[in-house]
Amino acid sequence: RCSYCNNKCSYCNFNKYIPRSDNQDVMLECLQRETETLLKLSQVSRITSVFFGGGTPSLARPSTIAAVLQTVTRHAGLSEEAEVTLEVNPTPVGSSKLEDFLHAGVNRFSIGVQVRLRVLGRDHNSQHALQTVAEARRLCPGRVSVDVMFGRPGQSVASWELELDELLSVCDDHVSLYQLTLERGTQLFRQVQKGQLSVPSDDITAVMYDSARRILQKRGYLQYEVSNFARNGAISQHNMSYWKASQYLGVGPGAHGRFVPRGEGDVCREARTQTLEPDVWLREVQQRSHGTRRRIPLTHLGLLEEVLVMGLRLIDGITHQHWQLFSPRADLYQILSSSSEVQDLQQTGLLILDDRGLRCSWQGLALLDSMLPTLLLLLEAYITQGLDNNSDSLQL
């Protein structure tokens, strides 16, 4: 998940580096070694999706992608139906290698597209982006995702609607919407702080998001998650695994993972973070076959918090059956139904708790962040008061 980039975008706070030398051979060796080590350490025995992301993995050689996939296949098994996604920077260089990546085992592309790019420091123009989308669609029809950012400097509701309409005329069956966030330490943050640039207010970005949802719906894209829309059933299987709180491995500098280590009781899931700095990560993998910097065992409460936060991002929310996998004896009704705050959210039409489970309404999904603190406090209170048996066996 480390970003090796040709240049740094002004808004980006990813773990990013512009390499001074070509170390792809060493990087490949270490990626394979860490993949093998983490697969052996984990309870993950079958891989259903792989995502090459975190920056500009399309700068890698296609042979690197193929080698990593071969390592996964040897040590865990990669099903023929597995979704293998590659994030692509829509430049002529990135576009020219798409077919090679396809032969390497990639079967889905994710492409970031913005019409106004110069102020963000992106190294492609609109025409290159649209050409990359077209080539990706030719190679992987129905399996191309386009990422679109709103709330950018100088953007208005009207210009955003025109931009989105233009993009949808060339998009495939999946669209992800992301609001630009100002991250401390980035060039864009400093420019806005100094008054050199201005970004739309929170009220304006809320209108932009609502407008985009309605435009996408009219164009046949069904919203299935806060930021994601699909038609013809083209949902992202990989991201669904996050929202469903499945186990996953994070490989590479700065990567994050969630899995149950072998031989440690088969119960406690760990949150793992790999070493951030690529040079240090490389040395650690060479010395001990992985670059795990931090291991945090997730408590029962911590795991349920993740299930709640991630599950409510889905338009279908959290079913009672899914919740029961992680909390066999304390169901959603027990935890939430008697709360006056939850009853108020239901009466105002923002939250739904019924026989299907817990989910946000159409209006509520846009306000999820404001509802989560209340729901998390109720969950914490229930667990810490001892009303739930912490010795419940968990299916992880």
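See the structure above.
Because the structure is a prediction, the values reported are computed rather than measured.

What counts and how
- Numbering of residues starts from 1 in each chain and follows the order in which that chain's sequence is written.
- For this predicted model, a pLDDT threshold of at least 70 governs which residues receive local features, and a threshold of 80 or more governs which side-chain atom pairs are given and counted, while totals over whole chains, interfaces and linings are taken from all residues.
- Working from all heavy atoms in the structure, the side-chain values ignore hydrogens and water.
- Elements are defined by DSSP. Helices are runs of H or I of four residues or more, strands are runs of E of two residues or more, and each kind is numbered from the N terminus.
- Here's how the labels work: a residue is buried when its accessible area is under 20% of the maximum for its type, exposed when over 50%, partly exposed in between, all with a 1.4 Å probe on protein chains only.
- What makes two residues a contact is simply this: any of their non-hydrogen atoms within 4.5 Å.
- Areas reported as accessible are Shrake-Rupley estimates using a 1.4 Å probe. Residue values count occlusion only from the protein chains shown.
- By the convention used here, strands pair only if DSSP detects at least 2 bridges between them.
- A fitted line through C-alpha atoms serves as each axis, taken over the contacting stretch for helices, and the angle formed by two N-to-C directions is quoted from 0 to 180°.
- Helices are assigned an expected span. That span is 1.5 Å times one less than the residue count.
- For the purposes of this section, nonpolar cores are sets of buried Ala, Val, Leu, Ile, Met, Phe, Trp, Tyr and Cys residues that join through side-chain atoms within 4.5 Å.
- The term salt bridge refers to a side-chain nitrogen of Lys or Arg lying within 4 Å of a carboxyl oxygen of Asp or Glu.

Visitor: What exactly am I supposed to notice about the overall build of the protein chain here?
Guide: A tally of helices and strands in the protein chain yields 16 helices and 15 strands. Going through the 396 residues of the protein chain one by one, you find that 52% of them count as buried. In the protein chain, of all internal contacts separated by at least 6 residues, the share reaching a separation of at least 24 is 69%. Accessible surface computed for the protein chain: about 18600 Å², of which carbon and sulfur atoms make up 50%.

Visitor: Before we go on, may I ask you to explain the sheet that holds strand β13 (residues 318–319) in this structure?
Guide: The strands that make up a sheet pair up through hydrogen bonds in the backbone, lying either parallel or antiparallel. Taken together, the 3 strands give an open sheet; going across it, the order is β13-β15-β14, and neighbouring strands pair in antiparallel fashion. In this open sheet, the two strands that pair with only one neighbour each are β13 and β14 (351–353). Inspection of the sheet shows β13 paired to strand β15 (residues 357–360) by 2 bridges, in the antiparallel sense. Note that in β15 the partner of I318 across the bridge is L358.

Visitor: Is there a simple way to explain the sheet that holds strand β12 (residues 292–297) in this structure?
Guide: An order of β10-β11-β12 is seen for the 3 strands of this open sheet, with the pairing classed as antiparallel. Looking at strand neighbours, the two that pair on one side only are β10 (256–259) and β12, the edges of this open sheet. Direction aside, the axes of adjacent strands within the sheet are offset by 20° on average. By the bridge criterion, 5 bridges tie strand β11 (residues 270–274) to β12 in an arrangement that is antiparallel. Following the sheet pairing, Q274 is matched in β12 by T292.

Visitor: I would appreciate a short explanation of the pairing of strand β5 (residues 108–113) in the present structure.
Guide: Two faces, one strand: in a regular strand the side chains alternate between the faces of the sheet. Of all 6 residues in β5, 6 are buried, a share of seventy percent or more. Direction of pairing for strand β4 (residues 78–88) relative to β5: parallel, over a ladder of 4 bridges. Bridging across to β5, T85 finds its partner in R108.

Visitor: When you look at helix α11 (residues 300–311) in this model, what are you seeing that I'm missing?
Guide: Given 3.6 residues per turn, any residue in an α-helix points the same way as the ones three and four places further on. Its 12 residues place the ends of α11 16 Å apart at the C-alpha level, agreeing with the 16 Å of an ideal helix rising 1.5 Å per residue. Residues of α11 that are buried include every one of H300, L301, G302, L303, L304, V307, L308 and G311, and no others.

Visitor: Sorry, what's going on with unusual backbone geometry here?
Guide: Trans peptide bonds make up the majority, and among non-glycine residues the majority have a negative phi. In the Ramachandran plot, A245 falls in the positive-phi region, its phi being about 60° despite a non-glycine side chain. In this structure, A245 sits in the loop between α9 (237–243) and β10. Under the relative-accessibility criterion, A245 is labelled buried at 8%. Look at S289: it is not a glycine, yet its phi comes out positive at around 75°. Of note, S289 is situated in the loop between α10 (278–288) and β12. Accessibility expressed as a relative area gives 27% for S289, which makes it partly exposed.

Visitor: Before we go on, may I ask you to explain the side chain of S79 in this structure?
Guide: With respect to the helices and strands, the residue S79 is situated in strand β4. Using a relative accessible area of 18% as the deciding quantity, one classes S79 as buried. Not counting chain neighbours up to four residues away, the residues in contact with S79 comprise R46 and I47.

Visitor: Could you clarify how one ought to interpret the environment of I335 in this entry?
Guide: Assignment of secondary structure puts I335 in helix α13 (residues 332–336). Take I335: its relative accessible area is 7%, and that puts it in the buried class. The spacing of I335 and L375 is 40 residues in sequence and 9.3 Å in space, taken between C-alpha atoms.

Visitor: What is the right way to look at the nonpolar core in this model?
Guide: Most often, soluble globular proteins have nonpolar side chains that are buried together. Counting residues in each nonpolar core, the largest one holds 86 residues, and the members touching the most others are F109, L177, W323 and L336. Looking at this core, the element that brings in the most residues is helix α16 (residues 368–384), giving 8 residues. Residues within four places of L336 in sequence aside, it is in contact with V342, L353, L358, L375 and L378.

Visitor: Would you mind going over the pattern of salt bridges with me for this structure?
Guide: Opposite charge on two side chains permits them to pair, given that their charged atoms come into close proximity. This structure, assessed with the given rule, holds 18 salt bridges. The salt bridge involving R138 is made with E135; its shortest N-O contact spans 2.9 Å. Taken together, the positions of R138 and E135, both in helix α5 (residues 126–139) and 3 residues apart, correspond to about one turn of that helix. As a salt-bridge pair, R293 and E284 come within 3.2 Å of each other at their nearest N and O atoms.

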